[in-house]
Amino acid sequence: MRRGHGLRIAFFGASLASAWWNGAAMYYCGILRALHARGHRITFYEPDLAGRRPRERVPAPWARVVVYPVEDTSGLERCLDEARGADVVVKASAVGAHDAWLDARVLELRSGRTQVVYWDLDAPVTLERLLREPEAPLRALVPRYDRILTQGGGDRVVLAYRDLGARDCVPVYGAVDPDVHFPVSPEPRFDCALAFLDDRLPDLERRVESFFLRAAKLLPDMPFLLGGEGWEDRPRPANVRYVGHVAPGEHNVMRGTARTVLDVSREGMARFGYSPASHLFAAAGAGACLITDGWEGIELFLEPGRECMAARDGLEVAEAVVCLTDAGVRELGQAARRRVLAEHTYAHRAVQVEALLGHRG
């Protein structure tokens, strides 16, 4: 890797322009914004998918965004040609259009000056699929990438990828962007005993039922708040108020107003452990009092009992909501914010990524 200048990074991902039905947007924005601040030039290539044409756009002055058509691969061919010669080419998981084709084609850009990286934002889910489907095209491609980066997963993910022949595999965890997630004044419309904010997904819904909706049933006299896309037809207790999609600019307000905030992992992430969602760090950055489902590795990011509460089921969530004093709520929220600012910002992650890519400024 050349020295003394920023890297030219070509990144093929799901969407940087939209946070609408795109759970990866927060992670993309945090990592790439921090890399740009360190002098790197990023071009982000994303598919023009109708479901991701946003009601609101995520501003990205720190990256050049190229949206390509998805009717065929001709638009992608032009993007690949433009990306040729970049210092780093990244293919993210679950782009949403022509994924298998693109997984293979980006490898044609490898050269003495260009390294090609597979960045898996859903590693537990990807690995379970590859183990279940030995003929999946990505499985044969894993050894050809210069390295695999993952959003989480810990040693189990690293070892699983190495067993598939990966040259290198390193988790780059989510984090907080202090300029985006911070404490704000509360607003009465988000007032509640416990809030949960995330879009409805098949591998999340059962755990939301167990940890959030069951806790609400156990505390029928306490107000609960549910935000996120897709929950409108989901049966819920009478004390759960559904507010629908919450714009990114209001996330801090919702989390800062709620007395406590619940973080729930998707099923695959919970099974593998060491897979904190971006929402965990965003809530901590906002100074929220966090209750999280107790997954292996949480203490690497927040210490249960001092910086968050960890629950094994909805009963323990309900107990935490009832037992936390006002002083305890404040202390947990403040401690979580101090921890993530000290150890888990995207500026920290950008330094890690630079080292992994062999860049020396």
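This text follows the structure it describes.
Residues numbered from 1 in each chain as written. Predicted model: local features only at pLDDT ≥ 70, side-chain atom pairs only at ≥ 80, totals over all residues. Heavy atoms only, no water.

Before going further, it helps to spend a moment on the nonpolar core. Counting residues in hydrophobic clusters, the biggest one holds 38 residues, and the most contacted among them are Phe12, Tyr145 and Tyr161. Of all the elements in the fold, those that place two or more residues in this core are strand S1 (8-12), strand S3 (64-68), helix H2 (74-83), strand S5 (115-120), helix H4 (123-132), helix H5 (137-141) and helix H6 (154-163). Those residues in contact with Phe12, other than ones at most four positions away along the chain, are Tyr45, Leu76, Cys79, Leu80, Ala83, Val89, Val90, Lys91, Ala92, Val95, Leu102 and Val106. With 33 residues, the next largest nonpolar core counts Ala92, Trp119, Leu149 and Ala350 among its residues. (Core = buried A, V, L, I, M, F, W, Y, C linked by side-chain atoms within 4.5 Å. Buried < 20%, exposed > 50% of the residue type's maximum accessible area, 1.4 Å probe, protein only. Helix = DSSP H or I, 4+ residues; strand = E, 2+ residues; numbered from the N terminus. Contact = heavy atoms within 4.5 Å.)

Here we take up the packing of H4 against H6. Orientation of H4 relative to H6, taken along the N-to-C sense of each, is 40°, at an axis distance of 10 Å. For H4 against H6, the interelement crossing comes out left-handed. Contacts between H4 and H6 pair Ala123, Pro124, Thr126 and Leu127 from the former with Val157, Ala160 and Tyr161 from the latter. By residue class, the composition of the contact of H4 with H6 is 6 nonpolar, 1 polar and no charged. (Axes fitted to C-alpha atoms, helices over the stretch in contact; angles between N-to-C directions. Left-handed = near helix turned anticlockwise from the far one by under 90°. Nonpolar A, V, L, I, M, F, W, Y, C, P; charged D, E, K, R; others polar.)

Taken as a whole, this structure holds 2 cavities of 30 Å³ or more when the rule is applied. In this structure, the largest cavity spans a volume of roughly 110 Å³. Taken together, 14 residues form the lining of the largest cavity, with Leu197, Arg255, Val261, Leu262 and His279 sitting closest to its centre. Listed by contribution, the elements that provide at least two residues to the lining of the largest cavity are strand S8 (194-197), helix H8 (251-257), strand S11 (260-263) and helix H10 (278-285). Classifying every residue of the lining of the largest cavity by side-chain character gives 10 nonpolar, 1 polar and 3 charged. (1 Å grid on protein atoms, 1.4 Å probe; cavity = no way out; pocket = protein on both sides within 12 Å on 5 of 7 lines; lining within 4 Å. Points joined across faces, edges and corners; volume = space filled by probe spheres on them.)

The next thing to look at is the layout of surface pockets. Reported here for the second largest pocket is a volume of approximately 220 Å³. Lining the second largest pocket we find Arg255, Gly256, Thr257, Ala258, Arg259, Gly287, Ala288, Cys289, Val329, Arg330, Gly333 and Gln334. Counting residues per element, the ones that place at least two in the lining of the second largest pocket are H8 and helix H12 (326-343). Among the elements that take part in the lining of the second largest pocket, H12 stands out by supplying 4 residues, more than any other.

The 7 strands lie next to each other as S3-S2-S1-S4-S5-S6-S7, forming an open sheet whose pairing is parallel. Only two strands of the sheet have a single neighbouring strand rather than two, namely S3 and strand S7 (169-171). Across the sheet, the axes of successive neighbouring strands diverge by a mean angle of 20°, strand direction being ignored. Contacting S5, strand S6 (147-150) and S7, H6 runs over the sheet at an angle of about 160° to S7. (Pairing = 2+ DSSP bridges.)

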